Amino acid sequence: MSVLERKLEVEARIATVCRESGRQENDIKIIAVTKYVSLETTEQVLNIGLQHIGENRWQDVKPKWEALHERGTWHFLGHLQTNKVKDVIGKFAYIHSLDRMSLAKELDKQAAGLGIEVNCFLQVNISGEETKYGVSPHEFFQFAEEVSKLAHIRVCGLMTMAPYELESEETRPVFRGLRELRDQLNERRLFPYEVKELSMGMSGDFDVAIQEGATWVRLGTVLVGKEG
């Protein structure tokens, strides 16, 4: 199946889910996760009208970014080591994995040096899995309050990952939990703006994520396939 065929299939699924759950299709944005595909396939993704590219590691994405960065909007999705911030800052429009204060301070420092504001998602480990990154829900509001004091970080949303082994329906409490945290965050008015976005849902569970309020879905295999 071609990337275009997969795109049309995914868009049809999203349309169905939105219709059944009362969501608006244009509220759902697709990030094509290209970490397992070549530069050529990543270029195909852009050629068929997908604008948002998601990658996990700078050393892997570097040749793709250098060749194609002027064409798309780039999202850094993976765990970001503090010493790698200098490599990604200013290149990625969104960082989806802000999960600790040491990283927040380094992002703020590097952004200040460039005179920019960096869009970040606060990553929350809703499921409590030890193998997952993210701040725990009970530490979340203190973390958010500390981040709110950093002038060069704009928190545009929250991000989480559901356990891979679950049936898609079993992921629902994870996605619902993230939405509820976002709503509570806005009620507390820790930021001088509304935090709107929810980055949640991947190839195996994006339907449920959309039902629970996802605004960004991160789609790899189901959308772009897998090579090698």
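Structure: above.
It should be emphasised that the depicted structure is a prediction, and the values quoted were computed from it without experimental measurement.

Each value, and the rule that gives it
Residues numbered from 1 in each chain as written. Predicted model: local features only at pLDDT ≥ 70, side-chain atom pairs only at ≥ 80, totals over all residues. Heavy atoms only, no water. Core = buried A, V, L, I, M, F, W, Y, C linked by side-chain atoms within 4.5 Å. Buried < 20%, exposed > 50% of the residue type's maximum accessible area, 1.4 Å probe, protein only. Contact = heavy atoms within 4.5 Å. Helix = DSSP H or I, 4+ residues; strand = E, 2+ residues; numbered from the N terminus. Pairing = 2+ DSSP bridges. Right-handed = clockwise from strand over helix to strand, strands pointing away. Phe/Tyr/Trp six-rings, centres within 6.5 Å; stacked < 30°, edge-to-face > 60°. Arc of directions from axis to C-beta. Axes fitted to C-alpha atoms, helices over the stretch in contact; angles between N-to-C directions. Parallel < 35°, antiparallel > 145°, perpendicular 65-115°, else oblique. Left-handed = near helix turned anticlockwise from the far one by under 90°. Nonpolar A, V, L, I, M, F, W, Y, C, P; charged D, E, K, R; others polar.

A. Structural context of the nonpolar core. With 65 residues, the main nonpolar core has Leu-98, Leu-107, Leu-122, Phe-140, Val-147 and Ile-153 as its most contacted residues. The residues touching Phe-140, leaving out its near neighbours within four places in the chain, are Leu-122, Val-124, Val-135, Leu-158, Leu-181 and Leu-185.

B. Region of the structure containing the pairing of strand β6 (residues 153-159). Counting buried residues along β6, six of its seven residues qualify, which places the element largely inside the surrounding structure. Relative to β6, strand β5 (residues 118-123) is paired through six bridges, and the arrangement is parallel. Each residue of the ladder has a partner; that of Val-118, found in β6, is Ile-153. Tracing the backbone out of β5, into helix α6 (residues 137-147) and back to the parallel element β6 gives a crossover that is right-handed. Strand direction decides the pairing type here: β6 and strand β7 (residues 197-199), joined by three bridges, are parallel. Within β7, the residue paired with Met-159 across the bridge is Ser-199. Between the parallel pair β6 and β7, the chain is carried across by helix α7 (residues 172-188), and the sense of this crossover is right-handed.

C. View of the packing of aromatic side chains. One pass over the structure, following the stated rule, counts seven aromatic pairs. Ring centres 6.3 Å apart and planes at 80 degrees place the aromatic pair Trp-58 and Phe-92 in the edge-to-face group. Residue Trp-58 is located in helix α3 (residues 58-68), and its partner Phe-92 is located in the loop between α4 (85-88) and β4 (94-98); the two are separated by 34 residues in the primary sequence. Phe-92 sits in the buried class, given a relative accessible area of 4%.

D. Spatial organisation of α3. Among the residues making up α3, those that are buried are Trp-58, Val-61, Lys-64, Trp-65 and Leu-68. Buried residues along α3 cover an arc of 130 degrees about the axis, so they all sit on one side. Where α3 is buried, its residues meet α2 (39-47), β2 (52-55), β3 (73-76) and α4.

E. Structural detail: the packing of α2 against α3. As a packed pair, α2 and α3 sit with axes 10 Å apart at the nearest point and diverge in direction by 45 degrees. Classified by the angle their axes make, α2 and α3 are oblique. Along this stretch, α2 crosses α3, giving a crossing that reads as right-handed. The residues of α3 that touch α2, namely those facing Leu-39, Thr-42, Glu-43 and Leu-46, are Pro-63, Lys-64, Ala-67 and Leu-68. Per-class residue counts for the contact of α2 with α3 are five nonpolar, one polar and two charged.

Note that every value here comes from positions in space, so none of it alone points to a role or purpose.
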